[in-house]
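Coordinate inspection notes
Now for the letters of each chain:
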2 protein chains.
Amino acid sequence: MSRYVYDFDEPAEGGRDLLGGKGIGLAEMTQLGIPVPAGFTITTDACRAYMTSGGQLPDGLEEEIEEHLARLEETTGKRFGDPNDPLLLSVRSGAAVSMPGMMDTILNVGLNDDAVASGERFVQDSYRRLIQMYGETVDHIDAQRFSEALDEDDLEQTIETFKGIYEDETGRPFPQDAKEQLGRAVRAVFESWNTPRAKAYRRHNRIADDLGTAVNVVQMVFGNKGDQSGTGVAFTRDPSTGEQGLYGEFLADAQGEDVVAGIRTPEHVSEMQQRLPQAFDELVETMRRLEEHYKDLQDIEFTVEEGKLYLLQTRSAKRTAAAALKAAVDMVDESLISREEAVARIDPGQLDQLLHPRIDPDTNYEVVAKGLNASPGAASGGIVFDADTAEDRGRNGDAVILVRWETTPDDIHGMIAAQGILTAHGGMTSHAAVVARGMGKPCVAGCEALSVDAQAKTASIDGTKLAEGDVITIDGGTGEVIVGEVALIPPDINEDFETVLGWADDLRRLKVRANADTPEDAAKAREFGAQGIGLCRTEHMFMAEDRLPVVREMIMASDEDERRAALDKLLPHQQSDFEGIFEAMAGLPVTIRLLDPPLHEFLPPLEEARDERMRTRIRALQEANPMLGTRGCRLGLQFPEIYEMQVRAIIRAAAAVQQRTGDAPLVEIMHPLVGFQEELRRLRALTIDTATDEGDVEYLVGTMIELPRACIRADEIAEEADFFSFGTNDLTQTALGFSRDDAEGKFLTFYLQDGVLERNPFETLDQSGVGDLMRIAVERGRGVKPDLKLGICGEHGGEPASVAFCHTLGLDYVSCSPYRVPLARLAAAQAALAEQGVEAVSVGG
Amino acid sequence: MSRYVYDFDEPAEGGRDLLGGKGIGLAEMTQLGIPVPAGFTITTDACRAYMTSGGQLPDGLEEEIEEHLARLEETTGKRFGDPNDPLLLSVRSGAAVSMPGMMDTILNVGLNDDAVASGERFVQDSYRRLIQMYGETVDHIDAQRFSEALDEDDLEQTIETFKGIYEDETGRPFPQDAKEQLGRAVRAVFESWNTPRAKAYRRHNRIADDLGTAVNVVQMVFGNKGDQSGTGVAFTRDPSTGEQGLYGEFLADAQGEDVVAGIRTPEHVSEMQQRLPQAFDELVETMRRLEEHYKDLQDIEFTVEEGKLYLLQTRSAKRTAAAALKAAVDMVDESLISREEAVARIDPGQLDQLLHPRIDPDTNYEVVAKGLNASPGAASGGIVFDADTAEDRGRNGDAVILVRWETTPDDIHGMIAAQGILTAHGGMTSHAAVVARGMGKPCVAGCEALSVDAQAKTASIDGTKLAEGDVITIDGGTGEVIVGEVALIPPDINEDFETVLGWADDLRRLKVRANADTPEDAAKAREFGAQGIGLCRTEHMFMAEDRLPVVREMIMASDEDERRAALDKLLPHQQSDFEGIFEAMAGLPVTIRLLDPPLHEFLPPLEEARDERMRTRIRALQEANPMLGTRGCRLGLQFPEIYEMQVRAIIRAAAAVQQRTGDAPLVEIMHPLVGFQEELRRLRALTIDTATDEGDVEYLVGTMIELPRACIRADEIAEEADFFSFGTNDLTQTALGFSRDDAEGKFLTFYLQDGVLERNPFETLDQSGVGDLMRIAVERGRGVKPDLKLGICGEHGGEPASVAFCHTLGLDYVSCSPYRVPLARLAAAQAALAEQGVEAVSVGG
């Protein structure tokens, strides 16, 4: 027969899965000799049996509970149901995975009229709490009926009223039998696993529905028994900074609920030393032992009942990124944990906190609108509606936010001058979003509540009128828009950060590169530890203000000669761009993607075209689905002179830098949007012919893998490629048939809200779909060419779960935006550690 | 040592691959005892050896040629190089795969000054031809130099002039040594394998470059030796009609070249009977034997030299579809071939000829422009520029062609009234193209040379001005546009057609269904032998003139209640549409696809919207890439009431038809654009809930597989599906990243012209890319659910090579437009035969 109940002092093989998080904590503390109230745990097995049987307690469970209750009476010296000072119990839920506040707890089980009759005010108060919680939880009575009837000044009367409510609602008097109370409380906790809110929480957090919860039956201890009693929460180190030393709050003569309710202001936990020196010393010693045992920063709850300390809970503390890093470095110094454990313990997603200014979490502010979190970081500044004004004011040292319907290449100088960018239109891949991310500048894009009248220099957000100069704050990490200034916390890259990332570098196999299009970005990326550039997009060079007219000349050319003439003018610009990037990345590989976007992106909107000839050209280039149109290598094959110019510029730049600095860049020339071997065969030939013509520089020729067909026929394509770089942005768009511009804010947002999808596939790689195509590509590509170099340059390259997936696939590197490089370094190390059995422990903040 | 030369009377194991088409024909005829000039074949092996060695004749070849030449001298009783009546030879190319006119032939090899000195005019003429052909082919002298200098009245002088040209161009006199002539002629034929035009032809026809050509060295026979000589071509049956009996042309006292040059008009071959009775009888008997041997309609070339008949070539004759069918049926009746062979011999692509009116191939006409061949068939009629005029004139019995910039749902009544549709804009999936194909009506779409001024009621094609009523002719099978009327041939479905397709039905495993959206299409499809409907698109029902206002009401609804009210009005229309289709397909399966296109397709263009509210809605629904936007099941999940209404209409219609006729349709409800299991899980539940609510009708629930992710995760999706239908149009678009609207006429046209791609993947399935995704889907889907019903409903379902691929994949059925059903039936039978080793022999017409 299965066993369903374990005392806290009995070892159980099932661990956390069987006993739940709270249960295993209580058991471990008990077994370490740490003062914990006595009690036992009913396992998750019992809950699962209860659920699958449709609400029957499994055979033998009731008898087991009886036995453990008897032991508990023995241990505590009190009797359950005794009319005189009875044993009181709390019945607490506790699943294996934390689901804070989602399930139920009932306190003071075992009290009845007889026990209270003799009792003090404190016992009366406990009884009315029992009736209230029991009524709500076991019998689903509306909480408001009790809260409206509560009269703290006349507890005797309140008890009578509550019992009346109970009988009124259930048709039965409040149960006086302690064991009946316990039995129904246990069932109620089991059932709380399946409340709608618990189910919704699990769906959102991808927790399996069939795990069930354990139930902890624990002796009640009371912090509200006078001035030798109290309750508190404490951290073994400061969860904001990671500083060593006791940190927490204490409230004398109070229960845990009172701390939560905020009726009285708690003291710093150190104040306890005066009032309860012995309990305090024991607390400090206990916390030391807990940290030593768990080897992590602990967050504990405790109660002192008449001078005696009880620990009620211990768990790894949520902490800020700075605290996580400091604690990890200190614990390695203290030989408490290894470097591997330190690295495994930092949540990579948290590092962003340290790289960008952010809104002070202690500030209160009102969010007037939300847009897309297009580029992380927060910024405050006066509104400007055009790039020229942004530049003028910026030159005067004013902080400005550039507010536009949508940005265009003509706005670049204004974006450079602004602290942040806010647009009403456009998605995560809009001009504003892409350029801002490249600049590491905060951007909220596609804020639909915003309307902009750039000519009148006014805007309106959800009814609030705004004029030029009005101050707003945007948070590009959350998409929030706030009217007025809000306190910001500056970026904070300290020594701990460098130390932990240094350890991560020693542990990881995946290399980390950056996506960078300018020398500045390249330098920033290198500063963050990038080992090269995985994606240098050349179209942004075409978009620069001084080149766009020449690019338009090239597009408007009526024949190849005219086109070549325009390209000749562009060549020195491209060359100097590349020289800057090669110098910044000296000695490291730089992957340059040849021109990718459709040509119409370089022309003005139809209504702004100056002459009929341009209008005709714009119309001719218009596409129903530009994402699937004449772009990438299709452009390069139709107008080979464009790619020829780019290759020429790359090779000349490489030769010049080599000559000037002696440090040759490792040039990788990448052709976009290849789906057929023949495309790459021709472009490889063009690349080699042109490069050979230009001089003696080493380079590789490869391709983006960003179409499903390219994955499927990776074997054929590999024959023409030295390397593959997975362009998972476009691969996600084509494999899923999701246009990113049309999905985000529209059907994809609906899918995420409605639970059709759990994750945004543009943020977290769709491993079973897109990822399986990648797996096929890796197998087929390496099957033909075992030393094929493989990387990823989609935005997933900077997302921890996707980085781990890339590690598993056996890629050589990930490439992400400069500001994601530290995160990717850490995630890559954690992926390598996971392979060795050291699982990342994400605590978060 | 390899053997490189075979006499015509020597059996060779390598067959056609080794001897080439011409060589194997001559050898087989020789071995059958049919009169053929003597000669030998130098194998393709020798050519390959010559090419790989960089132009060296392989060891032993020269000796072998010597030996066989000696035998030839013995057989013919003449000596090669003899100054007196020498043996003359033709040196002819002949590859394994027919490459008509692509490679070279040199006649009269072996003549020189000495032999001519004694000679008649006929010999002189032969000599000047030798110098000319030899000069052009062996020494690459410009043909014009000879043709300009030719003087038929003074052959002696011409010979001198030609020799002068030869020496002038090569610096050497014309070679007098017969063996030198032969040796260099053989090399020249080898080398003609690699001329640019031959290479281009092979690339276009997907013929491998390393096959090489054989060289046939054949005794010259002369049809120009007086009135007992002559030359001709003949067919064993009429290649236009298939009628039995001799058919062909004869020219007395002439060489084959003269027939080609068209200087004299040939007579009907039967005239030969008077002039050359013995040779004629022998010809008739020979042709009977050839047909008996080859069991196919033969196309032969022959020459009579002084009363003696020589066959020069035999091959399967190109023929019209009608002839192919008649000949096949007759040959089965004559017990010459089996039904399987008959079926294998019809080119499915040719059947289209019989199903639509077409331009009489014997007519001369001038094509003024070409557009996309959007829907096959030809039509003539007066131009009309709007649907109402089309309807008015159509009612008067006038034949009209509707000419539009692009059609919209508002034009449907005009399209119904018109004989054909011509548009200036839009691709193969434009409204005009899709609707016309459904109607089986000729359509030329996206004719860029056409400009239309609908208000002025004028158009212009490439400079030609056209007004309303001007007659034009369009050929939707070729995309040709002609000004004026052209003679048309009506459709011709005869008994032979039915007979052969009946045999095909007995042989095939794949079922054939039709894509049909109306009862009329369904009836037409059934008439053509469709075994059900594989795709009934419901959006066309939404587009009908009387429903569009209600559909717009539905889209403009401000909440679900308003939307439901509009849908309630649509429901009876949908139900009656479905009833008509179910009656037409009684007893057969009907797959109905729920609403697929984005909602903005039902709204007018922005500039035509009447009020601000509609403009706002249109703007909100606008998408950057509608192909990848809110459509298909994404729409159904966001507005479940739409699909609910459709399911309700389907089930009610099925119940009504069942009650009325007693013949229950087999309803298959299909959800479009599914990529994730969860999408189909929800929609399946919605379908079942709604259907259960409506009554007791059997149905299946399935999905289109038209996204790469759906193929990859077919295992998960299969758990929620009773059937899959591959939507290869969209699957091709997403897998290749090709927007069909943006590819055709743009980069895809360039790709096809420039040879980046050999086939248009929207016409012929990209088997190695899209097809491999389908293979993965079949494996994974059937891995989970072995009895999963599988079909294809993309346009590839009516393309022979793609049908064969679907057979190989193990699909249950293909579905195509009604007019492609016969073709698919035949192609499916040929696929089944190929599996049994009976290869389809495509001769074409």
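The following paragraphs examine the structure supplied in this document. (Residues numbered from 1 in each chain as written. Chains lettered and ligands numbered in written order. Predicted model: local features only at pLDDT ≥ 70, side-chain atom pairs only at ≥ 80, totals over all residues. Heavy atoms only, no water.)

Quick look at the overall build of chain A
Counting its regular elements, chain A contains 34 helices and 31 strands. In terms of its C-alpha atoms, chain A occupies a principal-axis envelope of roughly 105 × 60 × 50 Å. The buried share among the 845 residues of chain A stands at 58%. Expressed as a percentage of contacts within chain A between residues at least 6 apart in sequence, the contacts between residues at least 24 apart total 67%. (Helix = DSSP H or I, 4+ residues; strand = E, 2+ residues; numbered from the N terminus. Buried < 20%, exposed > 50% of the residue type's maximum accessible area, 1.4 Å probe, protein only. Contact = heavy atoms within 4.5 Å.)

What to know about the pairing of strand E9 (residues 298-305) of chain B
All names here are of chain B. Along E9, seven of the eight residues are buried, which leaves the element largely enclosed by surrounding structure. Pairing of E9 with strand E10 (residues 308-316) involves eight bridges; the strand directions are antiparallel. Note that in E10 the partner of Glu301 across the bridge is Gln313. Counting the residues between successive antiparallel strands, the hairpin from E9 to E10 contains two residues, one of them, Glu306, with a positive phi of roughly 45 degrees. (Pairing = 2+ DSSP bridges.)

Observations concerning helix H27 (residues 677-694) of chain A
Its 18 residues give H27(A) an end-to-end C-alpha distance of 26 Å, which sits within 8% of 26 Å, the value for a rise of 1.5 Å per residue. Of all the residues in H27(A), the buried ones are A:Glu679, A:Leu680, A:Leu683, A:Arg684, A:Leu686, A:Thr687, A:Thr690 and A:Ala691. Taken down its axis, H27(A) places every buried residue within 165 degrees of arc, on the same side. Turned more than 90 degrees away from the buried face of H27(A), the exposed residues are A:Asp689, A:Thr692 and A:Asp693. Of the surrounding secondary structure, the elements contacted by the buried residues of H27(A) are helix H25 (633-638), helix H26 (640-661), strand E27 (666-671), strand E28 (699-705) and helix H29 (714-718) of chain A together with helix H31 (740-754) of chain B. (Expected span 1.5 Å × (residues − 1). Arc of directions from axis to C-beta.)

Looking at the relation of the copies chain A and chain B
Expressed as a screw operation, the relation of chain A to chain B combines 0.1 Å of axial shift with a rotation of 180 degrees, fitting to an RMSD of 0.2 Å. Taken together, the rotation and translation describe the operation of a two-fold axis. Both copies contact each other with a shared surface, as 100% of the interface residues of chain A are interface residues in chain B too. (Least-squares fit on C-alpha atoms with pLDDT ≥ 70 in both.)

Some points on the nonpolar core
Formed by 277 residues in total, the largest nonpolar core has its most connected members in A:Phe582, A:Met774, A:Leu811, B:Phe582, B:Met774 and B:Leu811. Beyond its immediate sequence surroundings of up to four residues, B:Phe582 is in contact with B:Val590, B:Ile592, B:Ile650, B:Ala653, B:Ala654, B:Val657, B:Pro665 and B:Val667. Listed in part, the 51 residues of the second largest apolar core include A:Ile42, A:Ala115, A:Ile131 and A:Phe190. (Core = buried A, V, L, I, M, F, W, Y, C linked by side-chain atoms within 4.5 Å.)

A look at the sheet that holds strand E10 (residues 308-316) of chain A
Residues and elements named next belong to chain A. Read across the open sheet, the five strands follow the order E8-E7-E6-E9-E10; overall the sheet is antiparallel. The sheet terminates laterally at strand E8 (267-268) and E10, the two strands that pair on one side only. In the sheet, strand E6 (residues 230-237) pairs with strand E7 (residues 244-252) via seven bridges, with the strands oriented antiparallel. Counted as the bridge partner of Thr231 is Leu251 from E7.

Description of the interface of chain A and chain B
Taken residue by residue, the interface counts 48 residues in chain A and 48 residues in chain B. Where chain A abuts chain B, roughly 4,200 Å² becomes buried across the two surfaces, and 54% of that area is made up of carbon and sulfur atoms. Between chain A and chain B we count seven salt bridges in total. The salt bridge partner of A:Asp772 is B:Arg780, with a shortest N-O separation of 2.7 Å. Across the chain A-chain B interface, the total number found is 34 residue pairs in polar contact (both at pLDDT 80 or more). (Buried area = accessible area lost by both parts, 1.4 Å probe. Salt bridge = Lys/Arg side-chain N within 4 Å of Asp/Glu carboxyl O. Polar contact = N/O pair within 3.5 Å; in protein donor to acceptor, adjacent residues only side chain to side chain.)

Quick word on the side chain of A:Thr764
Note that A:Thr764 resides in the loop between helix H31 (740-754) and helix H32 (770-784). Every residue in contact with A:Thr764, bar those within four places of it in the chain, is listed here: A:Arg759, A:His796, A:Glu799, A:Ala801 and A:Ser802.

Comments concerning the pairing of strand E16 (residues 420-423) of chain A
Residue and element names in this part refer to chain A. Here E16 shows no split at all, with Gly420 and Leu422 on one side and Ile421 and Thr423 on the other all buried. Each parallel crossover has a hand, and for strand E15 (residues 400-404) linked through helix H17 (residues 412-417) to E16 it is right-handed. Pairing of E16 with strand E17 (residues 443-445), which is carried by two bridges, proceeds in the parallel orientation. The residue bridging Leu422 from the neighbouring strand is Val444, located in E17. (Right-handed = clockwise from strand over helix to strand, strands pointing away.)

Some remarks on empty space enclosed by the protein
Residues and elements named next belong to chain B. All told, the structure shown has one cavity of 30 Å³ or more when counted by the stated rule. Lining the largest cavity we find Met554, Ile555, Arg563, Leu599, Arg617, Phe639 and Ile642. Looking at the lining of the largest cavity, its residues break down into five nonpolar, no polar and two charged. (1 Å grid on protein atoms, 1.4 Å probe; cavity = no way out; pocket = protein on both sides within 12 Å on 5 of 7 lines; lining within 4 Å. Points joined across faces, edges and corners; volume = space filled by probe spheres on them. Nonpolar A, V, L, I, M, F, W, Y, C, P; charged D, E, K, R; others polar.)

Here we look at the sheet that holds strand E30 (residues 789-792) of chain A
Strand pairing in a sheet is mediated by backbone hydrogen bonds. Such pairs are either parallel or antiparallel. All names here are of chain A. The strand order around the closed barrel built from eight strands is E24-E25-E26-E27-E28-E29-E30-E31, with neighbouring strands paired in parallel fashion. Sheet twist, expressed as the mean angle between neighbouring strand axes with direction ignored, is 25 degrees. Relative to E30, strand E29 (residues 723-726) runs parallel, the two sharing four bridges. By the bridge assignment for E30, Ser725 is matched with Gly791. Sitting on the sheet, H26 is in contact with strand E26 (589-593), E27 and E28, with an inclination near 170 degrees to E27. (Axes fitted to C-alpha atoms, helices over the stretch in contact; angles between N-to-C directions.)

Quick notes on helix H7 (residues 155-170) of chain B
Residues and elements named next belong to chain B. Between its first and last C-alpha, H7 extends 22 Å over 16 residues, near the 22 Å set by a 1.5 Å rise per residue. All of the buried residues along H7 are Leu155, Thr158, Ile159, Phe162, Lys163, Ile165, Tyr166 and Thr170. Taken end-on, H7 shows its buried residues confined to a sector of 155 degrees, consistent with a single buried face. Exposed and oriented more than 90 degrees from the buried face of H7 are Glu156 and Asp168. Contacts made by the buried residues of H7 are with helix H4 (113-117), helix H5 (121-139), helix H6 (143-149) and helix H8 (178-192). Positive backbone phi, at 75 degrees, marks Gly171, one or two positions downstream of H7.

Some points on the pattern of salt bridges
When charged atoms on two side chains of opposite charge get close, those side chains can pair. Residues and elements named next belong to chain A. Counted according to the given criterion, the structure contains 142 salt bridges over all chains. A salt bridge links Arg71 to Asp9, with the shortest nitrogen-to-oxygen separation between them at 3.2 Å. With Arg71 in helix H3 (residues 61-76) and Asp9 in the loop between strand E1 (5-7) and helix H1 (15-31), the pair connects residues that are 62 residues apart, well separated along the chain. The class of Arg71 is partly exposed, set by a relative accessible area of 36%. Taking the relative accessible area as the measure of exposure, Asp9 reaches 42% and is therefore partly exposed.

Notes on the state of the cysteines
A complete count under the given rule lists zero disulfides over all chains for this structure. Free cysteine A:Cys536: the closest other cysteine sulfur is in A:Cys793, separated by 11 Å. (Disulfide = S-S within 2.5 Å.)

Some details on the environment of A:Tyr134
Residues and elements named next belong to chain A. With respect to the helices and strands, the residue Tyr134 is situated in helix H5 (residues 121-139). The class for Tyr134 is buried, based on a relative accessible area of 0%. A sequence separation of 685 residues divides Tyr134 from Tyr819, and the C-alpha atoms of the two residues are 52 Å apart. With near-sequence residues (within four places) excluded, Tyr134 lies in contact with Ile106, Asp139, Tyr166, Phe174, Pro175, Glu180, Gln181 and Arg184.

Details of the packing of aromatic side chains
Applying the stated criterion across every chain, the model contains 32 aromatic pairs over all chains. Both rings, one in B:Phe578 and one in B:Phe582, keep their centres 6.3 Å apart while their planes meet at 20 degrees; by these two values the pair is stacked. In this pair, B:Phe578 and B:Phe582 both sit in helix H23 (residues 560-584), four residues apart, roughly one turn of the helix. Each member of the pair B:Phe578 and B:Phe582 is classed as buried. Every member of this aromatic cluster is reached through a ring pair, and the members are A:Phe676, B:Phe738, B:Phe747, B:Phe750 and B:Tyr751. (Phe/Tyr/Trp six-rings, centres within 6.5 Å; stacked < 30°, edge-to-face > 60°.)

As for unusual backbone geometry
The phi dihedral of B:Glu306 falls on the positive side, at around 45 degrees, and the residue is not glycine. The backbone phi angle of B:Leu673 is positive, close to 60 degrees, even though this residue is not glycine.

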